[in-house]
Amino acid sequence: DYDNYDTLVSTYSTSGTFIAINEYPNIDEQSVQELLYFSSLGNTVFLSMKTMPQMLLDSLKLDFRSDFELTNNTVLWFTNKNLGPETYNLIEGLGSNYFSKIDTLNTTILGYQGTDKAFANYIKVAYKDGDFLLHLQPAAFTNYNLLKENHSEYAEKVLSYVPKGNIFWYT
């Protein structure tokens, strides 16, 4: 409904950020195409899922692996020094996936997880005129983790990358 095909020049009449937080992706190929289109028009797509749709990974030239070993000493942190040096020890519900291949020309690593080695778990991928924010630890947004220690601070910092404006929440 936001795209007008009746004119000689197609116009897209909305802007903002699409947000989906799910343990596993429930986004089909047609929806991935729509998200790519949405982003290409200058919008942002934020996805927090343990895995990402393969079509999206292929389109953004990404890959992930799941051979990271979670322990009680696993911590998460951010690359942006303005967000502080804190590490976050979220254990319950964490996944072992990390981004193993990125397109370094269009991708910025925003966050890591690890013990003695850093594994990228949060990235920003420029796509045409927009961006994808991809996060592999949706457990950070569960009540269990939000109510523990300083874990809500971690979720707040993850979402601090979402630009101000309209939010389109996918449930």
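Residues numbered from 1 in each chain as written. Predicted model: local features only at pLDDT ≥ 70, side-chain atom pairs only at ≥ 80, totals over all residues. Heavy atoms only, no water.

Caption draft 1: Focus on the overall build of the chain. Tallying secondary structure elements over the chain gives four helices and 11 strands in all. A globule of 171 residues ought to have a C-alpha radius of gyration of about 16 Å, and the chain, at 16 Å, matches this closely. In terms of overall dimensions, the chain has C-alpha extents of about 60 × 30 × 30 Å along its principal axes. With 171 residues in all, the chain has 44% of them scored as buried. Across the chain, every contact between residues at least 6 apart in sequence was considered, and the portion connecting residues at least 24 apart equals 66%. As displayed, the chain offers around 9400 Å² of accessible surface, 48% of which is attributable to carbon and sulfur atoms. Here the chain contributes 11 positive and 20 negative side-chain charges, whose respective centroids are spaced 8 Å apart. (Helix = DSSP H or I, 4+ residues; strand = E, 2+ residues; numbered from the N terminus. Rg over C-alpha atoms; globule rule 2.2 N^0.38 Å. Buried < 20%, exposed > 50% of the residue type's maximum accessible area, 1.4 Å probe, protein only. Contact = heavy atoms within 4.5 Å. Areas by Shrake-Rupley, 256 points an atom, 1.4 Å probe, with all protein chains shown as cover. Lys, Arg positive; Asp, Glu negative; His and termini not counted. Charge placed at Lys NZ, Arg CZ, Asp CG, Glu CD.)

Caption draft 2: Region of interest: the pattern of salt bridges. The tally for this structure, following the rule as stated, stands at four salt bridges. A salt bridge links R65 to D67; its shortest N-O distance comes to 2.6 Å. On the basis of relative accessibility, which here comes to 44%, the residue R65 falls in the partly exposed class. Residue E153 pairs with K157 through a salt bridge whose shortest N-O separation is 3.3 Å. One end of the pair is E153 and the other is K157, both in helix 4 (residues 151-159) and four residues apart, which spans about a single turn. A residue is classified by how much of its surface remains accessible, and K157, at 11% relative accessible area, is buried. Put simply, E86, E153 and K157 are held in one network by salt bridges that share partners. (Salt bridge = Lys/Arg side-chain N within 4 Å of Asp/Glu carboxyl O.)

Caption draft 3: Inspection of the sheet that holds strand 11 (residues 167-170) at higher detail. Read from one edge to the other, the open sheet built from seven strands follows the order 6-8-9-10-4-3-11, with strand pairing classed as mixed. The open sheet has two edge strands, strand 6 (75-78) and strand 11, and neither has a second partner. Across the sheet, the axes of successive neighbouring strands diverge by a mean angle of 20°, strand direction being ignored. Pairing of strand 3 (residues 17-21) with strand 4 (residues 44-48) involves five bridges; the strand directions are parallel. Bridging across to strand 4, F18 finds its partner in V45. Sitting on the sheet, helix 4 touches strand 4, strand 6, strand 9 (118-127) and strand 10 (130-135), and the angle it makes with strand 6 is about 40°. (Pairing = 2+ DSSP bridges. Axes fitted to C-alpha atoms, helices over the stretch in contact; angles between N-to-C directions.)

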